[in-house]
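Observations on chain architecture
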Amino acid sequence: MTISLFKPSRGSGLIAAPLNVSYSPVADTEIPVQNILASIEYQPAAPAAAGQEQIDVALPCLSAVPYRETWSSPEVVTAGSEGMISYRQSSRVIFGVVKVRESEFASLQDCTHRVYTEILQFLTRKDYPSLLRVWNYFSDINADSDGVERYKLFCVGRHQAVSVIPDFERYLPAASAIGTGTQEFFLVYFVAARSPGVQIENPRQISAFHYPDQYGPKSPSFTRAMLKNWEQVSQLYISGTASIVGHQTLHRDKVRLQLDETVANLQSLIGHVRAVHQCGIERLDQVSALKVYIRHPEHYALIQDRLEEVTAEKVPVLYLQGDICRQDLLLEIEGLVNFRR
Ligand code: 3EB
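This is a predicted model, so every value here is computed, not measured. (Residues numbered from 1 in each chain as written. Predicted model: local features only at pLDDT ≥ 70, side-chain atom pairs only at ≥ 80, totals over all residues. Heavy atoms only, no water.)

1. Considerations on the nonpolar core
Residues Trp71 and Tyr189 are the most contacted members of the largest nonpolar core, which totals 45 residues. Those residues in contact with tryptophan 71 that lie beyond four places of it in its chain are Leu19, Asn20, Val21, Asn35, Ile36, Leu37, Ala38, Ile40, Phe95, Trp135, Tyr237 and Leu336. With 33 residues, the next largest nonpolar core counts Val98, Tyr128, Phe138 and Ala192 among its residues. (Core = buried A, V, L, I, M, F, W, Y, C linked by side-chain atoms within 4.5 Å. Buried < 20%, exposed > 50% of the residue type's maximum accessible area, 1.4 Å probe, protein only. Contact = heavy atoms within 4.5 Å.)

Structure (structure tokens):
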């Protein structure tokens, strides 16, 4: 069973977005290769199909059957690579991936700085200057390196790269940053467009780029969500969302309460989009896809049960085991919402 979202219109009344995601068991992929922007595998990963590059993310998939995440385009895509970056593009979007060995750089900070600088230059050169959504995966996110937590070093390197742009906070994309178990790789993948999306912040939360410095010398460079208005459809790319109100973590060591606070944050975000932009969805059962990162796999059943209630079992959800960037956070949820304009 492939859960396809927003199928191309063939008299069905549904309209295709320029890119869309689906989750399917690794055994079957029904999408023709010329329409695939990215094929993302979690552990245990199946080998890549012939002629198909895939992105392997070193996070265990918690469901009994592992799922693959496929980003596809209704248009035929072209593929290429430049420097560190491999990409696939259509006329409207580009999907890029960088996977480097951290050991080839002086530090995690240096690695992050160089990767982000290269991505920003690449997007300008390719004329897809508007970064919409970024995913960041690297090992030991909560471990210290020379007395500084690695997530904070990542934030410093990212800030160094993005802050060369005048007024850079206005261009920050939606993001997730998750710790993996593998020592080797620093992996970033991203979606960019020809023209900007609309940044969305969450009224329950201080903007991450304005966090006080107790969370690190440079604040995290991302926006809570990015709203992209395509011709006939819109998409809301929701960043990793956790049990943070204001700038503080709530409900330390209480997974059920962290989940409910996270759901309240997601609800607040979609409510805010409706109030300010007069568009979007009302309820979380109208979300198109969710991805949940869980620190301790023993929390999977509880989280899944509750989320099935919240989404009335109508939403495809991918559950992954990963480390959240604050040690006191037990889970994080990201999402995509498609809706008609
Ligand atoms: C937070 O709200 C939780 O550094 O790119 C979520 C999503 C989080 C993205 C990032 C961090 C990032 O601060 C952590």
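2. A short note on the environment of lysine 228
Mapped onto the fold, lysine 228 is located in strand β14 (residues 225-229). Owing to a relative accessible area of 3%, lysine 228 belongs among the buried residues under this scheme. Distance from lysine 228 to glycine 197, taken between C-alpha atoms, is 4.4 Å for residues 31 residues apart in sequence. Not counting residues up to four positions away in its chain, the partners in contact with lysine 228 are Leu132, Ala193, Ser195, Pro196, Gly197, Val233, Ser234 and Gln235. Among the polar contacts listed, one links the side chain of lysine 228 to the backbone oxygen of proline 196, at a separation of 3.3 Å. (Helix = DSSP H or I, 4+ residues; strand = E, 2+ residues; numbered from the N terminus. Polar contact = N/O pair within 3.5 Å; in protein donor to acceptor, adjacent residues only side chain to side chain.)

3. Some remarks on the packing of aromatic side chains
Taken as a whole and judged by the stated rule, the model has 15 aromatic pairs. Ring geometry for tryptophan 71 versus tyrosine 237: centroids 6.4 Å apart, planes at 20 degrees, classification stacked. Here tryptophan 71 is found in strand β4 (residues 67-72), whereas its partner tyrosine 237 is found in strand β15 (residues 233-241), with 166 residues between them in sequence. What makes tryptophan 71 buried here is its relative accessible area of 3%. Linked through ring pairs, Trp71, Phe95, Trp135, Tyr137, Tyr189, Tyr237 and Tyr293 together constitute an aromatic cluster. In this structure, lysine 228 is placed above the aromatic ring of tryptophan 230, and the distance from its NZ or CZ to the ring centre is 5.0 Å. (Phe/Tyr/Trp six-rings, centres within 6.5 Å; stacked < 30°, edge-to-face > 60°. Lys NZ or Arg CZ within 6 Å of the ring centre and 35° of its normal.)

4. Concerning the site of the ligand
Around the ligand, 13 residues are found, and the nearest of them are Tyr151, Arg158, Tyr211, Arg224 and Cys325. Within the contact set of the ligand, an oxygen atom lies 2.7 Å away from a side-chain nitrogen or oxygen of arginine 158. Within the side chain of arginine 224, a nitrogen or oxygen atom sits 2.8 Å from an oxygen atom of the ligand. Burial of the ligand by the protein amounts to 100% of the accessible area it has alone, namely 360 Å². Mapped by element, the contributors of at least two residues to the shell around the ligand are α2 (150-162) and β11 (174-180). (Near = heavy atom within 4 Å. Areas by Shrake-Rupley, 256 points an atom, 1.4 Å probe, with all protein chains shown as cover.)

5. Here we look at unusual backbone geometry
Note that the residue after glutamine 43, namely proline 44, is joined by a cis bond; omega there is -5 degrees. With respect to the helices and strands, the residue proline 44 is situated in the loop between β2 (36-43) and β3 (55-60). Of note in this structure, glutamate 313 is not a glycine but carries a positive phi near 60 degrees. Structurally, glutamate 313 is set in the loop between α4 (300-310) and β19 (317-321).

6. As for the sheet that holds β14
Read across the open sheet, the six strands follow the order β13-β14-β15-β20-β18-β19; overall the sheet is mixed. Both outer strands of the open sheet, β13 (198-200) and β19, are each paired with one neighbouring strand and no more. On average, adjacent strands in this sheet sit at an angle of 15 degrees to one another, irrespective of strand direction. Sheet analysis places β13 next to β14, joined by three bridges and oriented antiparallel. Its bridge partner being in β14, valine 198 is matched across the sheet by leucine 227. Relative to β19, α4 is tilted by about 160 degrees, and along the sheet it contacts β18 (289-294), β19 and β20 (331-340). (Pairing = 2+ DSSP bridges. Axes fitted to C-alpha atoms, helices over the stretch in contact; angles between N-to-C directions.)

7. What about the packing of helix α3 (residues 255-277) against α4?
Here α3 crosses α4 at 30 degrees, and the two axes come no closer than 10 Å. Our classification of the angle between α3 and α4 gives roughly parallel. The hand of the α3/α4 crossing is right-handed. Contacts between α3 and α4 involve Val255, Arg256, Leu259, Asp260 and Val263 on the former and, on the latter, Leu302, Ile303, Arg306, Leu307 and Val310. Of the residues that constitute the contact of α3 with α4, the class distribution is seven nonpolar, no polar and three charged. (Parallel < 35°, antiparallel > 145°, perpendicular 65-115°, else oblique. Left-handed = near helix turned anticlockwise from the far one by under 90°. Nonpolar A, V, L, I, M, F, W, Y, C, P; charged D, E, K, R; others polar.)

8. A look at the side chain of aspartate 285
Relative to the helices and strands, aspartate 285 is located in the loop between α3 and β18. A polar side-chain atom of aspartate 285 sits 3.1 Å from a polar atom in the side chain of arginine 283. A polar contact of 3.2 Å, which involves the side chain of aspartate 285, links it to the side chain of lysine 314. Non-local contacts of aspartate 285, meaning those with residues more than four positions away in its chain, are made with Val310, Thr311, Ala312, Lys314 and Val315.

9. Some remarks on the pairing of β4
Consecutive side chains of a regular strand alternate in pointing toward one face of the sheet and then the other. Buried residues dominate β4, accounting for six of its six residues. Neither face of β4 is open: one carries Tyr67, Glu69 and Trp71, the other Arg68, Thr70 and Ser72, and all of them are buried. Sheet topology places β2 next to β4; five bridges connect them, and they run antiparallel. Counted as the bridge partner of serine 39 is threonine 70 from β4.

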